[in-house]
Amino acid sequence: MAYDRRIELMTGDITSLAVDAIVNAANPSLLGGGGVDGAIHRAAGPGLLAECRKLGGCKTGEAKLTAGHNLPARHVIHTVGPVWRGGSGGEEALLALCYRASLGLAATQRLRSIAFPAISTGVYGFPRPRACALAVDETHRFLLKDGTMERVIFISFDDETEALYRRALGLD
Ligand code: AR6
């Protein structure tokens, strides 16, 4: 299958991207943590935490929007991926929901560019090949019926993850 040219791959730090929204792989408290969540809060500054405190948390598979504060990105979409517990607890469906909820929220806000980290593949332990394939599938499904989004970036922190995205897009 030919991949949608609105999809781009990058390697690096998501906090450096000047896009309409970067997606945060958060936890249900939305009050910060390690990994990409910690990096986003550090770069955004204390205003992000203050705004997050007012949101009342976020359930697994859901997404909430804040401003980007000191980030070059205009907004942050906070989503909570599933913790991997072997795969029989609906983890795949929940991770798919994260992508659907984040893209849906971006579309309702008329955002045109969005960047995703590999949600759940760090501390939460979701197997990377499956997570990358699922991210690509859900995004393709969304883009088929969306006329607003211009760029969906999958940003990897390491070369192996980028290779997994390339495979999922049929680029290798
Ligand atoms: N830019 C892009 N990707 C990154 C960055 C960055 N600056 N930093 C890490 N990654 P993780 P999770 C990649 O652990 O598995 C937090 O404590 C990383 O290599 O950040 O969803 C939250 O508060 C990995 O591929 O998120 C939660 O408690 C991916 O981002 C928990 O971790 C996700 O790794 C969420 O765990």
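Student: What should I look at first to understand the overall build of the chain in this one?
Tutor: A count of helical and extended segments in the chain gives 5 helices and 6 strands. Computed over its C-alpha atoms, the radius of gyration of the chain comes to 15 Å, within 12% of the 16 Å expected for a compact globule of 172 residues. Principal-axis analysis of the C-alpha atoms gives the chain an extent of 45 × 35 × 30 Å. Counting only residues that meet the buried cut, the chain has 48% of its 172 residues in that class. Across the chain, contacts joining residues at least 24 apart in sequence account for 68% of those joining residues at least 6 apart.

Student: Looking at this structure, I do not really get the side chain of aspartate 146. What am I missing?
Tutor: By the element assignment, aspartate 146 lies in the loop between α4 (128-145) and β6 (151-156). The charged side chain of aspartate 146 is buried without a salt bridge, its nearest counter-charge being arginine 6 at 4.5 Å. Among the polar contacts listed, one links the side chain of aspartate 146 to the backbone nitrogen of threonine 148, at a separation of 2.9 Å. In this structure the side chain of aspartate 146 is engaged in a polar contact, spanning 2.6 Å, whose partner is the backbone nitrogen of methionine 149. Leaving out residues up to four positions away in the same chain, aspartate 146 has contacts with Arg6 and Ala107.

Student: What's the story with the packing of aromatic side chains in this structure? I'm lost.
Tutor: One pair of aromatic rings is described through two measures. These are the centre distance and the angle between the planes. Counted according to the given criterion, the structure contains 4 aromatic pairs. Their ring planes at 65° and their centres at 4.7 Å tell us that tryptophan 84 and phenylalanine 126 sit as a pair that is edge-to-face. Of this pair, tryptophan 84 sits in the loop between β4 (75-80) and α3 (91-108) while phenylalanine 126 sits in the loop between β5 (113-116) and α4; the two residues are 42 residues apart in sequence, bridging distant segments of the chain. On the accessibility criterion, tryptophan 84 (26% relative accessible area) is partly exposed. Pairwise contacts between aromatic rings join Tyr99, Phe116, Phe154 and Tyr165 into one cluster.

Student: Before we go on, may I ask you to explain the site of the ligand in this structure?
Tutor: Lining the immediate surroundings of the ligand are 21 residues, of which Asn27, Gly34, Val36, Asp37 and Gly122 lie closest. At a separation of 2.8 Å, an oxygen atom of the ligand approaches a polar backbone atom of serine 120. Here an oxygen atom of the ligand sits 3.1 Å away from a polar atom, N or O, in the main chain of tyrosine 124. Only β2 (21-26) and α1 (35-44) provide two or more residues apiece to the shell around the ligand. Top element by residues in the shell around the ligand is α1. It accounts for 4 residues. Within the shell around the ligand, the residues separate by chemical class into 9 nonpolar, 9 polar and 3 charged.

Each value, and the rule that gives it
Residues numbered from 1 in each chain as written. Predicted model: local features only at pLDDT ≥ 70, side-chain atom pairs only at ≥ 80, totals over all residues. Heavy atoms only, no water. Helix = DSSP H or I, 4+ residues; strand = E, 2+ residues; numbered from the N terminus. Rg over C-alpha atoms; globule rule 2.2 N^0.38 Å. Buried < 20%, exposed > 50% of the residue type's maximum accessible area, 1.4 Å probe, protein only. Contact = heavy atoms within 4.5 Å. Lys, Arg positive; Asp, Glu negative; His and termini not counted. Salt bridge = Lys/Arg side-chain N within 4 Å of Asp/Glu carboxyl O. Polar contact = N/O pair within 3.5 Å; in protein donor to acceptor, adjacent residues only side chain to side chain. Phe/Tyr/Trp six-rings, centres within 6.5 Å; stacked < 30°, edge-to-face > 60°. Near = heavy atom within 4 Å. Nonpolar A, V, L, I, M, F, W, Y, C, P; charged D, E, K, R; others polar.

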